[in-house]
Amino acid sequence: MHKYDVKLWTLAAKGEIVPDRSLLKTPEQIKKIRESAALNTAVLDHVASHIQAGMSTAQIDRLVYDYTTEHGGIPAPLNYEGFPKSVCTSINNVICHGIPSEEEILQDGDIINVDVSTILDGYYSDASRMFAIGNVDERAQKLLRVTQECVELGLKEARPWGHLGDIAHAINSHARANGYSVVEDIGGHGIGLEFHEEPFVSYVTPRGTEMVLVPGMMFTIEPMINEGSPDFFIDEDNGWTVYTIDDGLSAQIEYMVLITEDGAEVLTK
């Protein structure tokens, strides 16, 4: 019997949403997932040291593919449900799932999300960072700053026996207080043994709702913060790239976290 079984049964009997036992990672799994996450972080560091104006997003893709494979990993996005590249590169008004291209050249003043996901020895990790290219105006700087604050505020609410909704409430409240919106229909996810596991992680639900957080759970905190409307459309030609409906800027920062006995640990720092 798992040491939390009685507590989880009791919570479930009260109508709470509790994680399936399979979502609670074992110490052995956590050790292997940490190794994957360490490589994922190293890939992002590698991108950070090379990214600059004048570079194509295809060059970023090559950096990610080469570094990941040279260190024994596999880029998780490559051929995932038909995605053609090793990384997602989402510039300015692209919310997520931007496909790297030789034609897409980074310009001074751009903001870009680079979303890296890694498989190492069969274990998955996932994180993204925002990069400001050259001289970025105050409007974009504020969006980047508030997005970072949203993730940190959400992280503070990630504690054992709380709820996913606590994280969402902190993020949504701070975004709205700054005049921004949070994308509702795309969210975070469980991770570790697969690329996308349960639960779906919303960033717009009320405090005290959604799944109970239990030590051993692992998921991403990755709100997509829009300057204007939270609505979006998907590129009809490629079926992947998600754009803001009003052409406003969008930003996203992704942490991969493990719920522990006394809080949450960011595995992708």
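Below, the structure is looked at part by part. (Residues numbered from 1 in each chain as written. Predicted model: local features only at pLDDT ≥ 70, side-chain atom pairs only at ≥ 80, totals over all residues. Heavy atoms only, no water.)

### Details of the pattern of salt bridges
Pairing is possible between side chains of opposite charge, provided their charged atoms come close. Short version of the rule: Between Lys or Arg on one side and Asp or Glu on the other, a salt bridge is scored when a side-chain nitrogen of the former is within 4 Å of a carboxyl oxygen of the latter. Secondary structure elements are defined from DSSP: runs of H or I of at least 4 residues count as helices, runs of E of at least 2 residues count as strands, and each element is numbered from the N terminus. Working definition: with a 1.4 Å probe on protein chains only, accessible area under 20% of the residue-type maximum means buried, over 50% means exposed, and in between means partly exposed.
Scanning all chains against the criterion turns up 14 salt bridges. Of the charged contacts in the structure, one is a salt bridge between K32 and E35, with a shortest N-O distance of 3.5 Å. Residue K32 and its partner E35 are both found in helix α2 (residues 27-48); the two are separated by three residues, about one turn of the helix. Taking relative accessible area as the criterion, K32 reaches 26% and is therefore assigned partly exposed. E152 serves as the salt-bridge partner of K269, at 3.7 Å between the closest nitrogen and oxygen. Of the two residues, K269 sits in the segment after β15 (263-266) while E152 sits in helix α4 (residues 138-156), which places them 117 residues apart along the sequence. Its relative accessible area of 60% is what places K269 among the exposed residues. By relative accessible area, which is 28% here, E152 ends up partly exposed.

### Re the pairing of β15
To keep things clear, this is the line we draw: For two strands to count as paired, DSSP must find a minimum of two bridges between them.
In terms of strand pairing, strand β14 (residues 255-260) meets β15 through four bridges, oriented antiparallel. Paired with V257 across the strands is V266, a residue of β15. Counted between consecutive antiparallel strands, the loop separating β14 from β15 contains two residues.

### Examining the environment of T268
Cut-off, in case you're wondering: Each polar contact in these results corresponds to two N or O atoms within 3.5 Å; when the atoms are within protein, one needs to be able to donate a hydrogen and the other to accept it, and residues that are neighboring in sequence are counted only if both atoms are side-chain atoms.
Relative to the helices and strands, T268 resides in the segment after β15. The class for T268 is buried, based on a relative accessible area of 8%. A distance of 3.0 Å separates a polar atom in the side chain of T268 from the backbone nitrogen of M256.

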